[in-house]
Amino acid sequence: SKQGELINLSESIQDFRLQQIASQISEKRNDIKFVLISGPSSSGKTTSARKLSLYLRTMGLNPIPISLDDYFLNRDETPLTEDGKPDFESLRAIDVKLFNNQMNKLLKGNKVTAPTFDFIEGKKIFNKNLQMGEKDILVIEGLHALSDEILKEIPRKNKFKMYISPLVYLNIDDDNRINLTDIRLLRRMVRDNRTRGYSPSKTLASWCEVRNGEEKYVFPYQDNADVIFNTFLAYELAVLKIYAEPLLYKVTDDDPEYLTAIRLIRLLDLVLPLPSDDVPSVSILREFIGRSYFE
């Protein structure tokens, strides 16, 4: 089918690019020990990191995944915003000292016990024993992964920095481009609803804070990246439409987020719906709509 072809073509373009990036890393395997992956919210960091790891494995490397989120400070130590709410977007919410310390030890061949963050209890549990062998490479993903504070004592040649974001190349017409931010917002709203049971209104309302965090902590570092990887898929709006529209129609006209919901509904009006049956289980889109191979 035409639709199936569009899906497969978009996915192939993306996979080919990831393979190229994996080759770039593999060629400098004697130097590169840390792959750092960052990008704004809902850009598909998790799936990209996992897929890249699969490609690195085919090249004889042994990628070890590390999420910066596991290094969050325990909830009672989290810094607060000006209005007294926990500031999870800030680099100060991460135990940078512990992270850098453990990574330095790993690079020297020492053993460390790394944490996993328990989001329900709000604290770190030290339960992962790590040690680096010759073929091991650490694949680290997180909002702050490209920040200058992260791994600052480790030589630049040992790090490969990757910036990930959906970069839209579709125009609605000669004057109107599709807004990148809207793609991420739709992805996030669908995922929040599916995995956390959040109402669309709740995701829309918190988006402003998320964006402020990105302006401060993500965008300034994109120029440090060795590569930029575009996670936008030409067909994704048509698939997201099926999941997002019913959620957006739940936002009532007395809701402060009503105008945003209407704007997003108008954006989705521009595309025909496309069922998700043909979306591969390893697609970045699956991170948001569900049934991902990596979940």
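Here, every reference points to the structure presented above.
What counts as what
Residues numbered from 1 in each chain as written. Predicted model: local features only at pLDDT ≥ 70, side-chain atom pairs only at ≥ 80, totals over all residues. Heavy atoms only, no water. Helix = DSSP H or I, 4+ residues; strand = E, 2+ residues; numbered from the N terminus. Rg over C-alpha atoms; globule rule 2.2 N^0.38 Å. Buried < 20%, exposed > 50% of the residue type's maximum accessible area, 1.4 Å probe, protein only. Areas by Shrake-Rupley, 256 points an atom, 1.4 Å probe, with all protein chains shown as cover. Lys, Arg positive; Asp, Glu negative; His and termini not counted. Charge placed at Lys NZ, Arg CZ, Asp CG, Glu CD. Contact = heavy atoms within 4.5 Å. Polar contact = N/O pair within 3.5 Å; in protein donor to acceptor, adjacent residues only side chain to side chain. Pairing = 2+ DSSP bridges. Axes fitted to C-alpha atoms, helices over the stretch in contact; angles between N-to-C directions. Expected span 1.5 Å × (residues − 1). Bend = angle between axes of the 7 residues up to and from the residue. Patch = residues over 30% accessible without salt bridge, like charges linked within 9 Å, V, L, I, M, F, W, Y side chains within 5 Å. Salt bridge = Lys/Arg side-chain N within 4 Å of Asp/Glu carboxyl O.

**Student:** Account for the overall build of the protein, naming residues and giving values.
**Tutor:** Tallying secondary structure elements over the protein gives eight helices and seven strands in all. Since a compact globule built from 295 residues should have a radius of gyration of about 19 Å, the 20 Å found for the protein is in line with a globular shape. Summarising its shape, the C-alpha atoms of the protein cover approximately 55 × 50 × 35 Å along the three principal directions. Here the protein holds 295 residues, and 51% of them are scored as buried. Carbon and sulfur atoms provide 50% of the accessible area of the protein, an area that totals close to 14,800 Å². When the 41 positive and 43 negative side-chain charges of the protein are each reduced to one mean point, those points stand 6 Å apart.

**Student:** Please provide a residue-by-residue account of the environment of Arg-75, values included.
**Tutor:** Assignment of secondary structure puts Arg-75 in the loop between β2 (62–67) and α3 (96–107). Separated by 127 residues in the primary sequence, Arg-75 and Lys-202 have C-alpha atoms spaced 21 Å apart. What Arg-75 contacts, discounting residues up to four positions off in sequence, is Phe-88, Phe-117, Phe-119 and Gly-122. In terms of polar contacts, Arg-75 uses its side chain to reach the backbone carbonyl oxygen of Phe-119, at 3.2 Å.

**Student:** Give a detailed account of the sheet that holds β2, specifying residues and quantitative values.
**Tutor:** On the basis of which strands lie adjacent, the open sheet formed by five strands has the order β2-β5-β1-β6-β7 and parallel pairing. Bordering the open sheet on either side are β2 and β7 (227–230), each of which pairs with just one other strand. In this sheet, adjacent strand axes meet at a mean angle of 25° when their direction is disregarded. Of the strand pairs in this sheet, β2 and strand β5 (residues 136–141) are connected by six bridges, and their pairing is parallel. Pairing of Pro-63 across the sheet is with Ile-137, part of β5.

**Student:** An account of unusual backbone geometry is needed here, citing residue identities and associated values.
**Tutor:** Positive phi is not limited to glycine here, since Ser-42 has a value of about 60°. Within the fold, Ser-42 resides in the loop between β1 (34–38) and α2 (45–58). Accessibility expressed as a relative area gives 3% for Ser-42, which makes it buried. Notably, Arg-291 is not glycine yet its phi reads approximately 60°, a positive angle. Mapped onto the elements, Arg-291 comes out in the segment after α8 (286–289).

**Student:** How would you explain the side chain of Glu-287 if you had to name every residue and give the values?
**Tutor:** Structurally, Glu-287 is set in helix α8. Residue Glu-287 is classed as buried on the basis of its relative accessible area of 10%. Sequence-distant contacts of Glu-287, that is, excluding residues within four places in its chain, are made with Gly-44, Lys-45, Thr-46, Thr-47, Arg-191, Arg-194, Ser-292 and Glu-295.

**Student:** Can you explain helix α6 (residues 236–248)? Please cite residues and give values.
**Tutor:** The end-to-end C-alpha distance of α6 is 17 Å, a good match for the 18 Å that 13 residues give at a rise of 1.5 Å each. Taking the largest bend as the criterion, α6 deviates by roughly 45°, centred on Ile-242, and proline Pro-246 comes between one and four positions later. Among the 13 residues of α6, ten are classified as buried, and the element is accordingly described as predominantly covered. Taken as a whole, α6 has its buried residues at Glu-236, Leu-237, Ala-238, Val-239, Leu-240, Lys-241, Ala-244, Glu-245, Leu-247 and Leu-248. Packing partners of the buried residues in α6 comprise α4 (180–196), α5 (200–217), α7 (258–269) and α8.

**Student:** With reference to specific residues and values, describe the environment of Pro-200.
**Tutor:** Positionally, Pro-200 belongs in helix α5. A C-alpha to C-alpha distance of 6.6 Å links Pro-200 and Leu-248, two positions 48 residues apart in sequence. Among residues more than four places away in sequence, those in contact with Pro-200 are Met-189, Leu-247 and Val-251.

**Student:** How would you explain the side chain of Thr-78 if you had to name every residue and give the values?
**Tutor:** Within the secondary structure layout, Thr-78 lies in the loop between β2 and α3. Residues contacting Thr-78, with those up to four places away along its chain left out, are Leu-73, Pro-86, Asp-87, Phe-88 and Ala-93.

**Student:** Any details on a nonpolar patch on the surface? Residues and values, ideally.
**Tutor:** Taken together, the side chains of Leu-167, Leu-180 and Ile-228 make up a nonpolar region of the molecular surface, amounting to roughly 220 Å² of accessible area. Summarising the element assignment, Leu-180 is placed in helix α4.

By themselves, these observations are geometric and do not establish any function.
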